[in-house]
Amino acid sequence: MNADPTVPYLLTVQCPDGLGVQAAVMGFLAGHQCFITESHSYGDPQTGRFFMRCVFRAGHPNMPDIETMRGHFQTVATNFGMEWALVDASRPPRVLIAVSRFGHCMNDLLNRWKSRQLHIQIPAVVSNHEDLRDLAEWHGIPFYHLPVTKETKADQERQILDLIETNEIDLVVLARYMQVLSQDMSAALSGRCINIHHSFLPSFKGARPYQQAHEKGVKLIGATAHYVTENLDEGPIIEQEVMRVDHTHTGEALVRMGRDVETVVLARAVRWHCERRVFMNNRKTVVFK
Ligand SMILES: Nc1nc2c(c(=O)[nH]1)N[C@@H](CN(C=O)c1ccc(C(=O)N[C@@H](CCC(=O)O)C(=O)O)cc1)CN2
């Protein structure tokens, strides 16, 4: 065998916490000639769940290929009731971006992808408006205009799901996509759909958080990236950031200032998800930064 030592692999595990889990994983990797370059683990005393992420490469030319490793690890996984994944980390995850009229978050993701700051592929952009076609096509990304009304929502969501399947999408990013996904759509995308909400959740849910914030007279505004669930703005939070504001700032100023926070928060959440650093832990997340 001639394993390539430059290829990074990722093993992620979650399971009921208990004695010997970490040793079993580390023992497996050592026993298969894996050279660990990064490792994080956490046991949540509240949920009783254990989470682990290991980055490794071939520590010897005889390290088995990934399919063989997966076959062998299944035994360990079964013993501990693990949910797990063992992947070639050099393969860029395939991301579909959904957007409505505001392009700042999409523009930032496209720029980071184009300048190789984000190790992803973007096979498609979908939108319920035409406004951002030029921006997507300027980056060479296919743009799908899928308008939607209450009456056509089921058909439109079917079209989006067909695009996800056809393009073998790993992650859907709602980059200011201003339509509430149905229960069925949210369920179909569970754990693989990230939304950027333009407030510091749980404050100011809904479509107009900046107006709510201005009316309240807050001194901090923020943004929240979270996994999408059927319950609007309630999904497990991945990342948040805040910015100081004061009485001199108009509602329009909050919208303008908030854009910078939204772009940074969403980019971090997409990077961490695509690097398999984020684990769902009931209604919360564990993030190994
Ligand atoms: N199932 C979910 N779908 C979506 C979520 C979510 O958390 N769960 N987040 C939204 C994004 N969002 C806030 O971050 C948001 C978007 C839209 C609305 C809303 O009330 N939309 C109106 C239509 C508004 C319009 O056409 O401009 C509606 O859908 O009736 C609230 C919050 C994305 N989807």
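Here the structure is a predicted model, which is why all the values come from computation and not from measurement.

**Concerning the UniProt feature "domain: Formyl transferase N-terminal" (unreviewed entry) in the protein chain**
When the UniProt feature table is mapped to this numbering, "domain: Formyl transferase N-terminal" (unreviewed entry) covers residues 94-270. The distance from the first to the last C-alpha atom of residues 94-270 is 11 Å, and the span holds 37% helix and 23% strand.

**Structural notes on the sheet that holds strand β10 (residues 220-227)**
As summarised here, the arrangement of the 7 strands in space is β7-β6-β5-β8-β9-β10-β11, forming an open sheet in which the pairing is mixed. Looking at strand neighbours, the two that pair on one side only are β7 (143-145) and β11 (237-244), the edges of this open sheet. Taken over all neighbouring pairs, the strand axes of this sheet differ in orientation by 15 degrees on average, direction set aside. Of the strand pairs in this sheet, strand β8 (residues 171-174) and strand β9 (residues 193-197) are connected by 3 bridges, and their pairing is parallel. Bridged to Val 173 within β9 is Ile 194. Helix-sheet contacts for helix α8 (residues 251-274) involve β5 (94-99), β8, β9, β10 and β11, and the interaxial angle to β11 is about 155 degrees.

**Here we look at the site of the ligand**
Close contacts around the ligand come from 19 residues, with Gln 179, Leu 181, His 197, Thr 229 and Asp 233 the closest. Within the contact set of the ligand, an oxygen atom lies 3.3 Å away from a backbone nitrogen or oxygen of Val 180. Burial of the ligand by the protein amounts to 78% of the accessible area it has alone, namely 710 Å². The site holding the ligand turns out to be the second largest pocket. Residue contributions to the shell around the ligand peak at 3 residues, all from β9. In the shell around the ligand, the residues fall into 9 nonpolar, 7 polar and 3 charged.

**Details of the sheet that holds strand β3 (residues 49-58)**
Pairing within the open sheet is antiparallel, and its 4 strands lie in the order β2-β3-β1-β4. Taken across any chain shown, the strands that pair with only one partner, and hence form the sheet edges, are β2 (34-44) and β4 (83-88). Averaged over all neighbouring strand pairs, the angle between strand axes comes to 10 degrees, with direction disregarded. Relative to β3, helix α1 (residues 21-31) is tilted by about 15 degrees, and along the sheet it contacts β1 (9-16), β2 and β3. Packing against the sheet, helix α2 (residues 66-80) makes contact with β1, β2, β3 and β4, and its axis sits at approximately 165 degrees to β4.

**Regarding a nonpolar patch on the surface**
A cluster of nonpolar side chains, contributed by Phe 200, Leu 220 and Val 242, occupies part of the molecular surface with about 240 Å² of accessible area. For Val 242, the location among the structural elements is in strand β11. Val 242 sits in the partly exposed class, given a relative accessible area of 34%.

**Some points on the environment of Asn 282**
Within the secondary structure layout, Asn 282 lies in the loop between β12 (278-281) and β13 (284-287). The exposure class assigned to Asn 282 is exposed, which follows from its relative accessible area of 62%. Each C-alpha atom, one on Asn 282 and one on Arg 49, is 9.5 Å from the other, the two residues being 233 residues apart in sequence. Residues in contact with Asn 282, not counting those within four places in the same chain, are Thr 47 and Pro 236.

**Some details on the nonpolar core**
Formed by 33 residues in total, the largest nonpolar core has its most connected members in Ile 97 and Leu 266. Examining the composition of this core, we find that 8 residues originate from one element, α8, more than from any other. Residues Cys 34, Met 52, Cys 54 and Leu 86 belong to the second largest nonpolar core, which totals 25 residues.

**Topic: α1**
Looking only at α1, the buried set comprises Val 21, Ala 24, Val 25, Phe 28 and Leu 29. Taken around the axis of α1, the buried residues stretch over an arc of 130 degrees, which confines them to a single face. Turned more than 90 degrees off the buried face of α1, the exposed positions are Ala 23, Ala 30 and Gly 31. Contact partners of the buried residues in α1: β1, β2, β3 and α2. Where α1 terminates, the next one or two residues include Gln 33, which has phi positive at roughly 60 degrees.

**Quick look at the side chain of Thr 285**
Along the chain, Thr 285 falls in strand β13. Engagement of the side chain of Thr 285 in a polar contact is seen with the backbone oxygen of Ile 237, the distance being 2.7 Å. What Thr 285 contacts, discounting residues up to four positions off in sequence, is Tyr 227, Pro 236, Ile 237, Ile 238, Val 278 and Phe 279.

What counts and how
Residues numbered from 1 in each chain as written. Predicted model: local features only at pLDDT ≥ 70, side-chain atom pairs only at ≥ 80, totals over all residues. Heavy atoms only, no water. UniProt positions renumbered as here; feature names shortened; annotations may be inferred. Helix = DSSP H or I, 4+ residues; strand = E, 2+ residues; numbered from the N terminus. Pairing = 2+ DSSP bridges. Axes fitted to C-alpha atoms, helices over the stretch in contact; angles between N-to-C directions. Contact = heavy atoms within 4.5 Å. Near = heavy atom within 4 Å. Polar contact = N/O pair within 3.5 Å; in protein donor to acceptor, adjacent residues only side chain to side chain. Areas by Shrake-Rupley, 256 points an atom, 1.4 Å probe, with all protein chains shown as cover. 1 Å grid on protein atoms, 1.4 Å probe; cavity = no way out; pocket = protein on both sides within 12 Å on 5 of 7 lines; lining within 4 Å. Sits in = over half its atoms within 2 Å of the grid points. Nonpolar A, V, L, I, M, F, W, Y, C, P; charged D, E, K, R; others polar. Patch = residues over 30% accessible without salt bridge, like charges linked within 9 Å, V, L, I, M, F, W, Y side chains within 5 Å. Salt bridge = Lys/Arg side-chain N within 4 Å of Asp/Glu carboxyl O. Buried < 20%, exposed > 50% of the residue type's maximum accessible area, 1.4 Å probe, protein only. Core = buried A, V, L, I, M, F, W, Y, C linked by side-chain atoms within 4.5 Å. Arc of directions from axis to C-beta.

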